[in-house]
Number of protein chains: 2
Amino acid sequence: MSPPPSAEAFPANTPTAAQIFTTVLSEGPLTRLDLARRAGLSAAAVTKAVRPLIGAGYLVEDVDEDARPALGRPANLVRVDGGRALFIGIKVTGDEIIGVLTDLRCRIMVARHLPLADRDPGPVLASAAELVRELLTEADGLGVRVVGSGISVSGDVDRAEGVVRYSPFLGWRDVPLASLAAEATGLPVTVDNDVRALTVAEQWFGAGVGLSDFAVVTVGAGIGCGLVVHGKVVAGAHGVAGEIGHVTVDPAGPPCHCGNRGCVEAIAGDAALVRQVGAATGTHVTDVAQALALARQGVPGARAAYARAGEAIGRGIATVANLLGPERVIISGEGLAAYDLFAEQIRDAFAAAAFGSAAQCDLRTRPLPFEEWARGAAATAIQSFIRSDAY
Amino acid sequence: MSPPPSAEAFPANTPTAAQIFTTVLSEGPLTRLDLARRAGLSAAAVTKAVRPLIGAGYLVEDVDEDARPALGRPANLVRVDGGRALFIGIKVTGDEIIGVLTDLRCRIMVARHLPLADRDPGPVLASAAELVRELLTEADGLGVRVVGSGISVSGDVDRAEGVVRYSPFLGWRDVPLASLAAEATGLPVTVDNDVRALTVAEQWFGAGVGLSDFAVVTVGAGIGCGLVVHGKVVAGAHGVAGEIGHVTVDPAGPPCHCGNRGCVEAIAGDAALVRQVGAATGTHVTDVAQALALARQGVPGARAAYARAGEAIGRGIATVANLLGPERVIISGEGLAAYDLFAEQIRDAFAAAAFGSAAQCDLRTRPLPFEEWARGAAATAIQSFIRSDAY
DNA sequence: TTCTTTCATTGACAGCAGAAAATAAGGCGC
DNA sequence: GCGCCTTATTTTCTGCTGTCAATGAAAGAA
């Protein structure tokens, strides 16, 4: 990332200090001894690392009155003071920009969105800057400084360089978004792929906490996948990874915009469901809401389309599980609204296609409120704030 | 791993020293300055780390007379003295045991095999011990000590514990192979999954050197895959990963022994090819050699079976590339003997099914002599020798 | 011979983390 | 209320690793 234009320094100079802070951030209030165990350090090291962080107000100490052990000195819990700093997360979609203001613990304080008329970098940047201004005003009201921001975009994004290499959806190529946005907003900016950002949020603040290998599958307009292997988000040598949407599940299936047939996305993406429900019922279906309504009414063709979608998703997940053996797969996305319609098929297809002990993988669903994508972007900002060098 | 029964200590106590040694081992003779750059250390640190390694004879210095720069002091190259220590690698298959004696640079000195009549742990262990004894005799002839051994087995293997959790092929469950073999041979033993072991060999001594993300795909009786992500071999949370063989490429395809239809292995595995060539030509085909011969003769049905196999493999590889975005995929295995028959299909199917920049992934083939599997086991032994704690 | 250039080594030094010992903070039994 | 027991946390000291800046080495060039 380009050097932050203005930033409060975070007093964690060493990797160890950052690791300790991250552990407290993710694994909630902990005693110093617990913390030492989880971080694989001595208690002395923890004391030393924690002191400056408490001094700067990022960590606070308190006593857990409830769970006091019968014996020995009571432990002092260390936890992150969420209110110490604020972050802004921005998600750019095809037709709107979603922005959230979060605290240091990535809890959403304010969420806003702005419709987007023009997808060119200039207008998008202007709208994003406006949204940031609004959120900064909100932050002023809270009396806490905003110390970083994140922007997430679908497509091939080079986080280290802060450049959007190629975003088919927005029609962008090689846009140096981080530096442009930093200039426009005066904040440090982290840019990342949207699914990866969401994965970071799960890894640090969600269902991926404490796991070194897991996957996030998003179901919606597209079918996406974020992967964490060996404790790190997979970015791919060429900037693209987790393309579960274009895993073929049926070579005889419907054509996909990628040029192949029977991709998961061509069966279970929003557009595919709209098309298939329309075709099956003979109705003119215009959007997913309508397709979903038809299926909920029990119209056979519509239900079948959803069942097929569930099967495709389940197979896609099984493919991930067979290849990587993750501990957990978190299923999320707007498409989860239809979860009751295809949950069974997802699980069945997964169970059937998962090989051997890959089937032990824990499948878990997680609702995805619309601000969640933006929260992912905020999570990347928090990550950058903690370890300025990081990725 | 269990503590080595008898081992010459390797004088690399710190992770840094191990990293430096590994870099020299993989990236050939290097000057100290080069080494410092690659390891991200100062030149001083390299000097200090290298000294004891030279003292112990694991590294040697020599001058590169050819490529001397026009200016400045000529550089002294540092390289690993392969002859300093020997290792034994053993691969257990269903009907034979293959053993190799390698030097520290994993170059094969001697290769042997022994037919296997009984697959139970006891007889297998006895045969393996006999093979080790033979190889130790050979080593005596060379006057160099054997300091470690590795055994690779297909299936779910827990390397850290040295236990074969489940090997369907051998019919083993929870066999503590490392400790048993250590007792039987008197050598430190590392046990790992066969494909992962092969992947380690590629990572340290083959086409994966210097890459942090790549895959090895083996084509043969089964279709396997070893993955390296973030510079480390993927083992999977439940011990199983890289099951490309059971990725579905055609839900309407032939049934697979795993219970599904159209797995890569059910189309491109040896058994599948034998069956399909037999069915297509109406001939009674008994083994792959015969199937291959028919296809080479240009018998249409046989050629088509190989073409289909190529397509399935190509799709499987594309799936890996779409999900992980590796820099390179190394295709290997005994099945490569038929490479001329399906190379085109592999590449075409890969190119068609790879999404976006995943198609930039470098597909590379590598012949696999029969001792190569055993060499993989030796590579794991070398790895364990260098960092005793390691994975 | 002396310079210049590049590679390598040295020795002083700073910083981090671990070990052990000391200290803190409760409850408990008397 | 006092001393004891247990567990948590801090302090102090020590070792080690790696960096820095200066120095030495080994060429070819002037």
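Worth saying up front: this structure is predicted, and the values here are computed from it rather than measured. (Residues numbered from 1 in each chain as written. Chains lettered and ligands numbered in written order. Predicted model: local features only at pLDDT ≥ 70, side-chain atom pairs only at ≥ 80, totals over all residues. Heavy atoms only, no water.)

**A look at the relation of the copies chain B and chain A**
Superposing chain B onto chain A requires a rotation of 180° together with a translation of 0.0 Å along the rotation axis, leaving an RMSD of 0.0 Å. Viewed as a symmetry operation, the transformation between the two copies matches a two-fold axis. Distance from the rotation axis, computed per C-alpha, reaches its smallest value in chain B at Asp 250 of chain B: 2.8 Å. Taken together, the interface assignments show that 100% of the residues at the interface of chain B recur at the interface of chain A, consistent with an identical surface on both copies. (Least-squares fit on C-alpha atoms with pLDDT ≥ 70 in both. Contact = heavy atoms within 4.5 Å.)

**Let's talk about the protein's contact with DNA strand D**
Residues in close proximity to DNA strand D total 24 residues, the closest being Gly 72 of chain A together with Thr 16, Ser 42, Lys 48 and Arg 73 of chain B. Separating a phosphate oxygen of DNA strand D from a side-chain N or O atom of Arg 51 of chain A is a distance of 3.1 Å. Within the side chain of Ser 42 of chain B, an N or O atom sits 2.5 Å from a phosphate oxygen of DNA strand D. For the surface near DNA strand D, the secondary structure elements donating two or more residues are helix 2 (32-39) and helix 3 (43-55) of chain A together with helix 3 (43-55) of chain B. The element that contributes the greatest number of residues to the surface near DNA strand D is helix 3 of chain A, accounting for five residues. Its residues assigned to classes, the surface near DNA strand D comprises ten nonpolar, eight polar and six charged. (Near = heavy atom within 4 Å. Polar contact = N/O pair within 3.5 Å; in protein donor to acceptor, adjacent residues only side chain to side chain. Helix = DSSP H or I, 4+ residues; strand = E, 2+ residues; numbered from the N terminus. Nonpolar A, V, L, I, M, F, W, Y, C, P; charged D, E, K, R; others polar.)

**Some remarks on the interface of chain B and chain A**
Contacts between the two partners involve 38 residues from chain B and, on the opposite side, 38 residues from chain A. Summed over both sides, the interface of chain B with chain A buries roughly 3400 Å², with 60% coming from carbon and sulfur. Three residues, His 238, Leu 323 and Phe 355 of chain B, lead the burial of chain B against chain A; their summed loss comes to 22% of the area buried on that side. Linking chain B with chain A are zero salt bridges. Scanning the region where chain B abuts chain A turns up 20 residue pairs in polar contact (both at pLDDT 80 or more). Counting only elements with at least two residues in the side of chain B that touches chain A, the list comes to strand 13 (223-229), strand 14 (232-233), helix 10 (300-324) and helix 11 (339-353) of chain B. Considered class by class, the residues forming the side of chain B that touches chain A number 20 nonpolar, twelve polar and six charged. (Buried area = accessible area lost by both parts, 1.4 Å probe. Salt bridge = Lys/Arg side-chain N within 4 Å of Asp/Glu carboxyl O.)

**Section: empty space enclosed by the protein**
Residue and element names in this part refer to chain B. Per the stated rule, a full pass over the model turns up six cavities of 30 Å³ or more. Roughly 70 Å³ of internal volume is contained in the largest cavity. The wall of the largest cavity is formed by Ile 90, Leu 125, Ala 128, Ala 129, Val 132, Ser 149, Ile 151, Ala 181, Ala 184, Thr 185 and Val 189. Contributing elements (two or more residues each) for the lining of the largest cavity: helix 4 (121-142), strand 7 (146-153) and helix 5 (177-185). No other element matches the four residues that helix 4 contributes to the lining of the largest cavity. Residue classes in the lining of the largest cavity are distributed as nine nonpolar, two polar and no charged. (1 Å grid on protein atoms, 1.4 Å probe; cavity = no way out; pocket = protein on both sides within 12 Å on 5 of 7 lines; lining within 4 Å. Points joined across faces, edges and corners; volume = space filled by probe spheres on them.)

**Side note on the packing of aromatic side chains**
Any pair of aromatic rings gets described here by the distance separating the centres and the angle formed by the planes. Applying the stated criterion across every chain, the model contains 16 aromatic pairs over all chains. When the ring of Tyr 58 of chain A is compared with that of Phe 385 of chain A, the centres are 6.0 Å apart and the planes differ by 55°; the resulting orientation is tilted. Pair noted here: Tyr 58 of chain A is in the loop between helix 3 and strand 2 (59-63) and Phe 385 of chain A is in helix 12 (residues 372-386), with a separation of 327 residues, a long-range link. Residue Tyr 58 of chain A is classed as buried on the basis of its relative accessible area, which comes to 1%. Residue Phe 385 of chain A is classed as buried on the basis of its relative accessible area of 8%. Each member of the aromatic cluster is reached from another via a ring pair, and the members are Phe 10, Phe 21, Tyr 58, Phe 87 and Phe 385 of chain A. Sitting over the ring of Trp 373 of chain B, Lys 91 of chain B keeps its end group 4.8 Å from the ring centre. Here Arg 173 of chain B stacks its cationic end above the ring of Tyr 166 of chain B, 3.9 Å away from the centre of that ring. (Phe/Tyr/Trp six-rings, centres within 6.5 Å; stacked < 30°, edge-to-face > 60°. Buried < 20%, exposed > 50% of the residue type's maximum accessible area, 1.4 Å probe, protein only. Lys NZ or Arg CZ within 6 Å of the ring centre and 35° of its normal.)

**Observations concerning helix 1 (residues 15-26) of chain A**
Helical geometry: 3.6 residues make up each α-helical turn, so side chains three or four residues apart lie on a common side. All names here are of chain A. With twelve residues, helix 1 extends 16 Å between its outermost C-alpha atoms, agreeing within 8% with the 16 Å of an ideal straight helix rising 1.5 Å per residue. Most of helix 1 is tucked away: nine of the twelve residues are buried. Looking only at helix 1, the buried set comprises Ala 17, Ala 18, Ile 20, Phe 21, Thr 22, Thr 23, Val 24, Leu 25 and Ser 26. Directly after helix 1, the chain includes Gly 28, whose backbone phi takes a positive value near 65°. (Expected span 1.5 Å × (residues − 1).)

**Topic: the sheet that holds strand 11 (residues 189-193) of chain A**
All names here are of chain A. One open sheet accounts for five strands, arranged 6-5-4-7-11; its pairing is mixed. Of all the strands in the sheet, just strand 6 (108-115) and strand 11 have a single pairing partner and so form its edges. Sheet twist, expressed as the mean angle between neighbouring strand axes with direction ignored, is 20°. One ladder, built from six bridges, connects strand 4 (residues 86-92) with strand 7 (residues 146-153); its direction is parallel. Residue pairing across strands places Ile 90 opposite Ile 151, the latter belonging to strand 7. On top of the sheet, helix 5 (residues 177-185) reaches strand 7 and strand 11; it is set at about 145° to strand 11, its chief contact. Its contacts with the sheet put helix 6 (residues 194-205) on strand 4, strand 7 and strand 11, and the angle it makes with strand 11 is roughly 105°. (Pairing = 2+ DSSP bridges. Axes fitted to C-alpha atoms, helices over the stretch in contact; angles between N-to-C directions.)

**Brief notes about the domain arrangement of chain A**
Domain annotation of chain A identifies domain 1 (15-80), domain 2 (84-201 + 372-386) and domain 3 (208-365). For domain 1 of chain A versus domain 3 of chain A, the distance between C-alpha centres works out to 40 Å. (Domains from an automatic or database assignment.)

**Re the pattern of salt bridges**
If you walk through the whole model with that rule in mind, you get 38 salt bridges over all chains. The partner of Lys 91 of chain A in a salt bridge is Asp 194 of chain A, and the shortest N-O contact between them spans 2.7 Å. Of this pair, Lys 91 of chain A sits in strand 4 while Asp 194 of chain A sits in helix 6, placing them 103 residues apart in sequence. For Arg 328 of chain B, the salt bridge goes to Asp 362 of chain B, with nearest N and O atoms at 2.9 Å. Highlighted residues: Arg 328 of chain B in strand 15 (residues 328-332) and Asp 362 of chain B in strand 16 (residues 362-365), separated in sequence by 34 residues. A relative accessible area of 16% means that Arg 328 of chain B is categorised as buried. Residues participating in the shared-partner salt-bridge network are Glu 27, Asp 34, Arg 37 and Arg 38 of chain A.

**Focus: the protein's contact with DNA strand C**
Around DNA strand C there are 24 residues in total, and Thr 16 and Lys 48 of chain A together with Arg 32, Gly 72 and Asn 76 of chain B lie nearest to it. Arg 73 of chain A is positioned with one of its side-chain polar atoms (N or O) 3.2 Å from a base nitrogen of DNA strand C. Thr 47 of chain B has a polar side-chain atom sitting 2.9 Å from a phosphate oxygen of DNA strand C. Broken down by secondary-structure element, the contributors of at least two residues to the surface near DNA strand C are helix 3 of chain A together with helix 2 (32-39) and helix 3 of chain B. The leading source of residues in the surface near DNA strand C is helix 3 of chain B, at five residues.

**So, the environment of Ala 343 of chain A**
Within the secondary structure, Ala 343 of chain A is located in helix 11 (residues 339-353). Along the chain, Ala 343 of chain A and Cys 258 of chain A lie 85 residues apart, while their C-alpha atoms are 26 Å from each other.

**Some words on the nonpolar core**
Core analysis: the largest hydrophobic core is formed by 100 residues, its most contacted members being Tyr 306 of chain A together with Tyr 306 of chain B. The contact partners of Tyr 306 of chain B, leaving out residues within four places of it in the chain, are Leu 273, Val 277, Val 288, Ala 291, Leu 292, Ala 295, Ala 338, Leu 341 and Phe 342 of chain B. In this structure, Ala 17, Val 147, Ala 201 and Phe 205 of chain A belong to the second largest nonpolar core, which totals 49 residues. (Core = buried A, V, L, I, M, F, W, Y, C linked by side-chain atoms within 4.5 Å.)

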